[in-house]
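Chain by chain, the residues run as shown.
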Amino acid sequence: MLDHVPVLLKEVIESLDPQPGQNFVDGTFGGGGHTRAILARLGPAGRLFVFDLDPVSISAARLLGPNVECWQKNFRQLEETIKYVSPHLPIHGVVLDLGISSIQLSDPALGLSFQEKGPLNMRLGRDKGMTAAVIVNTWRENDLAALIRELGEERQAKQIAKAIVNRRHEAPFVFTTDLAEVIACVWRRRGSMQPRLHPATKTFQALRMAVNEELENLRWGVRGAIRILASGGRLAVISFHSLEDRLVKQLFKEASRECICPPSAPRCVCARKPLGRILTKKPVRPSPLEITDNPRARSAKLRVWQKL
Ligand SMILES: C[S@@+](CC[C@H](N)C(=O)[O-])C[C@H]1O[C@@H](n2cnc3c(N)ncnc32)[C@H](O)[C@@H]1O
């Protein structure tokens with residue numbers, strides 16, 4: 001099994017600037033790279049709340065020590081969870097490092113990789129909710145095409161959806177590699193230039209995002225994190241997909257806006273105060289060196305927000 005190399009680690013730690021005795025939340029524990037670096041800064045007097053959907057990831061987090069509290073939960077529940085266990089505790093920082101870890105990608109049981117033969121599962125919680133097999137074997141062709149186009153930003157979405165529906169009439173999809181082969185065939189048949197990445201990359205990403213409701217989780221997770229932060233507290237979000245990054249940017253803007261009166265209003269009547277300010281005017285990108293060392297980092301974008 002591969003280890004997960006944390007992305008933009010130095011940049012996350014510099015921007016969150018954890019101090020001894022503070023309280024932090026890592027909403028996406030994964031392999032624990034960001035958590036461990038934060039914990040080292042918080043010291044024994046700090047507290048760290050850790051979430052991950054994946055039970056395997058959370059079992060590893062449980063070994064971290066007495067000041068780390070772990071939940072196998074969706075980070076969209078971080079606000080209610082923390083308010084329930086520690087209603088008055090000030091939270092000084094939250095990190096969300098979206099997507100999946102290399103450990104999950106290389107685990108055939110999760111069915112996230114088109115290179116490893118595994119069941120079409122894709123549920124980060126492993127056994128809760130709808131699988132990718134249900135989507136590819138039961139959704140209507142138009143709905144499949146829309147999903148692959150919107151979440152995968154795939155140019156050949158229509159052709160891929162058609163090929164999936166044709167193939168499932170013969171036999172339902174069971175394995176990741178069967179689906180990957182059908183998608184690769186679409187590219188070969190159309191004589192299209194092969195994409196830089198494997199032709200199944202975008203479809204697999206779309207399916208994973210739909211199975212795990214990733215954009216919805218992000219919306220609720222960011223809003224919850226903004227509400228639980230103490231004054232001066234910071235939220236760092238790393239995204240790997242343009243739709244995610246756009247959403248983070250929009251949510252940060254929404255929380256930093258002063259006036260929400262319509263542009264036609266002659267003067268401000270809402271008297272709204274911004275909740276915080278955006279610390280990264282442009283997203284922070286990994287250095288060329290980081291990308292060479294860890295190619296998985298290539299599409300990462302970090303945005304940071306601070307509560308007033
Ligand atoms: C990119 S990895 C995080 C890596 C981690 N920062 C590290 O340094 O090892 C993303 C992790 O977030 C988890 N995850 C994704 N969406 C989640 C959600 N909505 N709630 C909780 N965990 C989630 C995944 O299961 C995965 O373990």
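What you see is a predicted model, and the numbers here were worked out from it, not measured in a lab. (Residues numbered from 1 in each chain as written. Predicted model: local features only at pLDDT ≥ 70, side-chain atom pairs only at ≥ 80, totals over all residues. Heavy atoms only, no water.)

(A) Highlighting the site of the ligand. What surrounds the ligand is a group of 25 residues, the closest being H34, D52, F75, D97 and Q104. Interatomic distance of 2.9 Å between a side-chain N/O atom of N74 and a nitrogen atom of the ligand. Coverage of the ligand by the protein chains reaches 99% of its 600 Å² of free accessible surface. A class-by-class count of the residues in the shell around the ligand yields seven nonpolar, 13 polar and five charged. (Near = heavy atom within 4 Å. Polar contact = N/O pair within 3.5 Å; in protein donor to acceptor, adjacent residues only side chain to side chain. Areas by Shrake-Rupley, 256 points an atom, 1.4 Å probe, with all protein chains shown as cover. Nonpolar A, V, L, I, M, F, W, Y, C, P; charged D, E, K, R; others polar.)

(B) Region of interest: helix α9 (residues 176-189). An ideal rise of 1.5 Å per residue puts 20 Å on 14 residues; α9 measures up with 20 Å between its terminal C-alpha atoms. Every buried residue belonging to α9 is among T176, L179, A180, V182, I183, A184, V186 and W187, and all of these are buried. Residues of α9 that are buried make contact with α6 (132-138), α8 (157-170) and α10 (201-211). (Helix = DSSP H or I, 4+ residues; strand = E, 2+ residues; numbered from the N terminus. Expected span 1.5 Å × (residues − 1). Buried < 20%, exposed > 50% of the residue type's maximum accessible area, 1.4 Å probe, protein only. Contact = heavy atoms within 4.5 Å.)

(C) Layout of the nonpolar core. Judged by nonpolar contacts, the single largest core of 37 residues is most densely connected at L120, M122, I164, L179, F204 and L207. Those elements giving two or more residues to this core turn out to be α6, α7 (141-152), α8, α9 and α10. When near neighbours in sequence (up to four residues on either side) are disregarded, L120 contacts T131, A132, A133, V136, F173, V174, F175, T176 and L179. (Core = buried A, V, L, I, M, F, W, Y, C linked by side-chain atoms within 4.5 Å.)

(D) Representation of the UniProt feature "binding site: S-adenosyl-L-methionine" (unreviewed entry) in the protein chain in the model. Sites flagged by UniProt as "binding site: S-adenosyl-L-methionine" (unreviewed entry) map to G32, G33, H34, D52, F75, D97 and Q104. Along the chain, G33 turns up in helix α2 (residues 33-42). In contact with G33, other than residues within four places in its own chain, are P6 and L9. Mapped onto the fold, H34 is located in helix α2. Take H34: its relative accessible area is 5%, and that puts it in the buried class. In this structure H34 touches P6, V7, L8, L9, V12, D26, D97 and I238, once residues within four positions along its chain are discounted. (UniProt positions renumbered as here; feature names shortened; annotations may be inferred.)

(E) Structural detail: the sheet that holds strand β5 (residues 229-239). The strand order across the open sheet built from seven strands is β3-β2-β1-β4-β5-β7-β6, with neighbouring strands paired in mixed fashion. Looking at the sheet topology across the chains shown, the edges are occupied by β3 (68-71) and β6 (276-278). If you compare each strand with its neighbour and ignore which way they point, the axes differ by 15° on average. As judged from the four bridges shared by strand β2 (residues 47-51) and β3, these two strands associate in the parallel manner. (Pairing = 2+ DSSP bridges. Axes fitted to C-alpha atoms, helices over the stretch in contact; angles between N-to-C directions.)

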